[in-house]
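Structural description and commentary
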Amino acid sequence: MAREITYRDALREALREEMYRDERVFLMGEDIGAYGGSYAVTRGFVQEFGPDRVRDTPIAELGIVGLGIGAAIGGLRPVVELMTINFSLLAIDQIVNHLAKIYYMFNGQFTAPVVVRTVEGFGQLAATHSQFFENYFAYVPGLRVVAPAVPKDAKGLLKAAIRGNDPVIFIEHSLIYRNRGVVPDGEDFVLPLEGAEVRREGQDVTLVSWLRGYYLALGAAEELARAGIECEVIDLRVLRPLDIETIVRSVQKTNRLVIIEEGWKSFGVGAEIAAAVQERALDDLDAPILRVASVEVPMPYARNLERLVVPNKDRVIEAVREVLYRRLPVPAAD
Amino acid sequence: MTSTVDGQLPGVALPKSELLEMYRLMVLIRRFEEVAAEQYALGKIAGFLHLYIGEEAVAVGAIRAMDPADHLVTHYRDHGYALALGLDPRRCMAELFGKATGLVGGRGGSMHFADASKHYWGGYAIVAGLLPIAAGLGLASKYLNQRRVAVAIFGDGATNNGAFHEALNFAALWKLPVLFLCENNQYGMGTAVQYASAVREMYRKACAYDIPAEQVDGQDVIAVYEATKRALEHCRSGNGPYFLEALTFRYRGHSMADPETYRSKDEVEEWRRHRDPVIRLREQLVTHNVATLEELAALDQAVEEAVAEAVRFADESPEPDPATLTQFVYADPITIG
Ligand SMILES: Cc1ncc(C[n+]2csc(CCOP(=O)(O)OP(=O)(O)O)c2C)c(N)n1
Ligand SMILES: [Mg+2]
């Protein structure tokens, strides 16, 4: 059995079910209780579970993550919320220098199974509130970085993150909370914390993305299909560990790759994917790997300018046409 | 005047055995550190080596006052805490040597001692970074209705960092059982307290969060022990956090690389000669007939042998197996890639 629910409700179900399943699971973050969560993911939770398990915190991101680490070492299963990924920069020392290191540095003696939920996105929020930092975390050994695009993954991966023994950075997207999708019933629906998924098959070009980028890829694929171009669409779902095999297998079929990411192109997740693919499948590529990414400026407020910055469906289509029809320079005949 | 009970110090309820154990542990730390410095010079130890010489009474007094179930997290100047907890000096030395038999298998070195079986959740090398973690351990204790206190040991330098203030606020706000124990050794690396902190007494910083706080003579192991006992009782009884500032001094450089251009030899000599915690306890024990010089000399001798044995053990131990390099990055399996 399965139902169609929103991405937000999928997250809510995951949290509620895990809180009922395991008393050690508790939530902590800014305005998650009385206010109901900035994106309403935890609305009603404090009434349901009480203030010990749904803890409103001061505006102290470093402290929120740090307390999560200590609580996890002390035997709890904290799910901490950073209001948006922009504020994760204030917690990055706790995440990178502490959370990611504890298991290895202390020789496997103990773990800190903290789930850090956070969200990225944009919407005329200007330069400091419209950033994409998944690459900051995906860079770090010891962290798992999850970025689900569809409700089924939002639920199954969040439950897996809470039940697992590793620290997880769980990244949501503010513009897809209302997206609907089919989610299997049952409290034991849990997904493995790894592996990309091919969500649309095609033989002409591979599109790789995650979070909202996945929907851009899907939209472009549908439009291109009407023109007779069949895109294979891969949703990464998990950025670390990165499932490069699934991408390579697809590229071996399509020989072309376009990566869609909302962050800046330089030093981003797309750069890592492109490098990893050419290491394994250079001979399979018939065109340069292209990345559709944000223009490299701090995000402007004005609607028209903001639209110029972030990737859209048309830019994905343009990139697909380019990898399909680009003429490689012909070597001059002697 | 309190009357003297045989085998006790005046006004101090501790039995002779505990007093001698405190003495032994302080001498052990002192000698362990001196020998570690020698081994560093011989190239057996590398990287950062932060010695605890001069500050022994803080670790010993505080840690002997803890319950076995209490949590401990500390900063990186951590050999003394491990030894005061009773961890094996051989495994401590082996960690400095980067050997497989070290406390953390050669993964951490000097700054990252830990032993989960003693609830010592580690030495942390990012100044002040351990403080929110300590508050989190306090949160776990309270959430699980345990009577465990989380003890955090850190330096004066940490009190100027945001993580310190976030942690104190959280601990006070949620009345968490956390003992913040600040070792004010007058310097953060080469910067004297008055050049780094608007307030010279660290304990006064706790008042902004309504956390009860006091200063204690960190060169007096008994005073540290008694203050810590009281502080722990406060935390254990559900009254929230407590802040202790131990006034102390490090005799050696910040690390082995420190040329010590920022302070005078006289300043160091002054503390060594007149405020040394080991000499102080030795004199107390002898003056009050708790122990004879011969008894103490026997303890000194045993320490000497234990430290020599630690070096021998560390030297003879194998290096970490290269096959373990990628072990313990993740606790759960990864099947892709
Ligand atoms: C966040 C951070 N900044 C700088 C350093 C470099 N550093 C290591 S120890 C230290 C001084 C710390 O002084 P204090 O907290 O008083 O401890 P002490 O070394 O005196 O025991 C500094 C600046 C660091 N490890 N972490
Ligand atoms: Mg200091």
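Residues numbered from 1 in each chain as written. Chains lettered and ligands numbered in written order. Predicted model: local features only at pLDDT ≥ 70, side-chain atom pairs only at ≥ 80, totals over all residues. Heavy atoms only, no water.

1. Description of the nonpolar core
- I73, I247 and I273 of chain A together with L131, F154 and F243 of chain B are the most contacted members of the largest nonpolar core, which totals 127 residues.
- Sort the elements by how many residues they give to this core and helix α5 (residues 130-143) of chain B lands first, with 9 residues.
- The two domains that each donate at least three residues to this core are domain 1 (2-184) and domain 2 (197-323) of chain A.
- Dropping the residues within four chain positions of it, F154 of chain B is found in contact with H75, L130, L131, T159, F164, F180, L181, C182, E183 and F243 of chain B. (Core = buried A, V, L, I, M, F, W, Y, C linked by side-chain atoms within 4.5 Å. Buried < 20%, exposed > 50% of the residue type's maximum accessible area, 1.4 Å probe, protein only. Helix = DSSP H or I, 4+ residues; strand = E, 2+ residues; numbered from the N terminus. Domains from an automatic or database assignment. Contact = heavy atoms within 4.5 Å.)

2. What about the packing of α5 of chain B against helix α6 (residues 162-173) of chain B?
Residue and element names in this part refer to chain B.
- Following both chains from N to C, one finds α5 and α6 inclined at 15°, their axes separated by 7 Å at the closest point. The orientation of α5 with respect to α6, classified from their angle, is roughly parallel. In this structure, α5 meets α6 at a crossing whose hand is left-handed. Where α5 approaches α6, its residues L131, P132 and A135 are matched on the opposing element by A163, F164 and A167.
- In the contact of α5 with α6, the residues fall into 6 nonpolar, no polar and no charged. (Axes fitted to C-alpha atoms, helices over the stretch in contact; angles between N-to-C directions. Parallel < 35°, antiparallel > 145°, perpendicular 65-115°, else oblique. Left-handed = near helix turned anticlockwise from the far one by under 90°. Nonpolar A, V, L, I, M, F, W, Y, C, P; charged D, E, K, R; others polar.)

3. Considerations on the pairing of strand β8 (residues 242-247) of chain B
All names here are of chain B.
- Counting buried residues in β8 gives 5 out of 6 residues, a clear majority hidden from the surface.
- Sheet topology note: the strand β4 (residues 178-184)/β8 ladder contains 6 bridges and is parallel. The residue bridging L181 from the neighbouring strand is L244, located in β8.
- Sheet topology note: the strand β7 (residues 213-217)/β8 ladder contains 5 bridges and is parallel. Looking at the pairing, A213 lines up with F243 of β8.
- In this region the chain leaves β7, passes through helix α8 (residues 221-239) and returns to the parallel neighbour β8; the handedness of that crossover is right-handed. (Pairing = 2+ DSSP bridges. Right-handed = clockwise from strand over helix to strand, strands pointing away.)

4. Remarks on the coordination of the magnesium ion (ligand 2)
All names here are of chain B.
- On the protein side, the magnesium ion (ligand 2) has D156 (OD), N185 (OD1) and Y187 (O) as donor atoms, found 2.0 to 2.2 Å from it.
- On the primary sequence, the residues serving as donors to the magnesium ion (ligand 2) are separated as D-x28-N-x1-Y.
- Here N185 falls in the buried class, since its relative accessible area comes to 6%. (Donors = N, O, S within 2.8 Å, 3.2 Å for Na, K, Ca; no water.)

5. Some points on the interface of chain A and chain B
- Taken residue by residue, the interface counts 52 residues in chain A and 45 residues in chain B.
- Counting the surface lost from both chain A and chain B, the interface buries some 3900 Å², and carbon and sulfur atoms represent 67% of this.
- The tally of links between chain A and chain B comes to 0 salt bridges.
- Between the two partners, chain A and chain B, sit 19 residue pairs in polar contact (both at pLDDT 80 or more).
- Breaking the side of chain A that touches chain B down by element, the ones donating at least two residues are β2 (25-29), β3 (54-56), α3 (61-73), α4 (92-99) and α5 (102-105) of chain A.
- When residues of the side of chain A that touches chain B are assigned to their parent elements, the largest contribution, 10 residues, is made by α3 of chain A.
- For the side of chain A that touches chain B, the residue count by class is 23 nonpolar, 16 polar and 13 charged. (Buried area = accessible area lost by both parts, 1.4 Å probe. Salt bridge = Lys/Arg side-chain N within 4 Å of Asp/Glu carboxyl O. Polar contact = N/O pair within 3.5 Å; in protein donor to acceptor, adjacent residues only side chain to side chain.)

6. Regarding the packing of helix α9 (residues 244-254) of chain A against helix α10 (residues 269-281) of chain A
Residue and element names in this part refer to chain A.
- Between α9 and α10, whose axes approach to 10 Å, the crossing angle comes to 60°. In this view, α9 runs oblique relative to α10, as classed from their interaxial angle. Every pair of crossing elements has a handedness; the one defined by α9 and α10 is right-handed. Between α9 and α10, the contacting residues are I244, E245, I247, V248 and V251 on the first element and I273, A276, V277, R280 and A281 on the second.
- The residue makeup of the contact of α9 with α10, split by class, is 8 nonpolar, no polar and 2 charged.

7. Some details on the packing of aromatic side chains
- In total, this model carries 20 aromatic pairs over all chains according to the counting rule given.
- Ring plane angle 80° and centroid distance 4.9 Å describe the contact between F110 of chain A and W121 of chain B, whose orientation is recorded as edge-to-face. Of the two residues, F110 of chain A sits in the loop between α5 and β5 (115-120) while W121 of chain B sits in strand β2 (residues 120-124), which places them in two different chains.
- Exposure remark for F110 of chain A: the relative accessible area of 7% places this residue in the buried category.
- The class for W121 of chain B is buried, based on a relative accessible area of 8%.
- Relative to F249 of chain B, the ring of Y187 of chain B has its centre 6.3 Å away and its plane inclined at 75°; by these criteria the two rings are edge-to-face. With a gap of 62 residues between them, Y187 of chain B in strand β5 (residues 187-188) and F249 of chain B in the loop between β8 and α9 (265-274) connect regions that are remote in the sequence. As far as burial versus exposure is concerned, Y187 of chain B and F249 of chain B are alike and both buried.
- The rings of F106 and F110 of chain A together with W121 and Y124 of chain B are connected pair by pair, giving a single aromatic cluster. (Phe/Tyr/Trp six-rings, centres within 6.5 Å; stacked < 30°, edge-to-face > 60°.)

8. Observations regarding the pairing of strand β1 (residues 71-75) of chain B
Residues and elements named next belong to chain B.
- Among the 5 residues in β1, 5 count as buried, and that is most of the element.
- Bridge count between β1 and β2: 3 bridges; the pairing is parallel. Pairing of H75 across the sheet is with Y124, part of β2.

9. Focus: the sheet that holds β3 of chain A
Residues and elements named next belong to chain A.
- Pairing within the open sheet is mixed, and its 7 strands lie in the order β3-β2-β4-β5-β7-β6-β12. Across the chains shown, the open sheet's two edge strands, defined by having one partner strand only, are β3 and β12 (238-240). Between one strand axis and the next, the sheet turns by 20° as a mean value, whatever way the strands run.
- Inspection of the sheet shows β2 paired to β3 by 3 bridges, in the parallel sense. Paired with M28 across the bridge in β3 is R55.

10. Here we look at the sheet that holds β7 of chain B
Residue and element names in this part refer to chain B.
- Pairing is parallel across the open sheet formed by 6 strands, whose spatial order is β2-β1-β3-β4-β8-β7. Strands with a single pairing partner mark the edges of an open sheet, and in this sheet they are β2 and β7. The mean inter-strand angle of the sheet, taken between neighbouring strand axes irrespective of direction, is 15°.
- One ladder, built from 4 bridges, connects β1 with strand β3 (residues 150-155); its direction is parallel. Residue L72 lies in a different strand from β3, and its bridge partner there is V151.
- Set on the sheet, α6 makes contact with β3, β4 and β8; between it and β4 the angle comes to about 150°.

11. Topic: the confidence of the model for chain A
- Across chain A, the average pLDDT comes to 96, with 97% of residues at or above 70.
- Ranking the elements of chain A by mean pLDDT puts helix α12 (residues 313-325) of chain A last, at 95, and strand β7 (residues 168-173) of chain A first, at 99. (pLDDT = per-residue confidence, 0-100.)

12. Details of helix α11 (residues 293-316) of chain B
Residue and element names in this part refer to chain B.
- Over its 24 residues, α11 extends 34 Å from the first C-alpha to the last, a length consistent with the 34 Å expected when each residue adds 1.5 Å.
- Every buried residue of α11 is listed here: L296, L299, V303, V307, A310, V311 and A314.
- Close packing links the buried residues of α11 with α1 (16-41), α4 (89-96) and α10 (277-287). (Expected span 1.5 Å × (residues − 1).)

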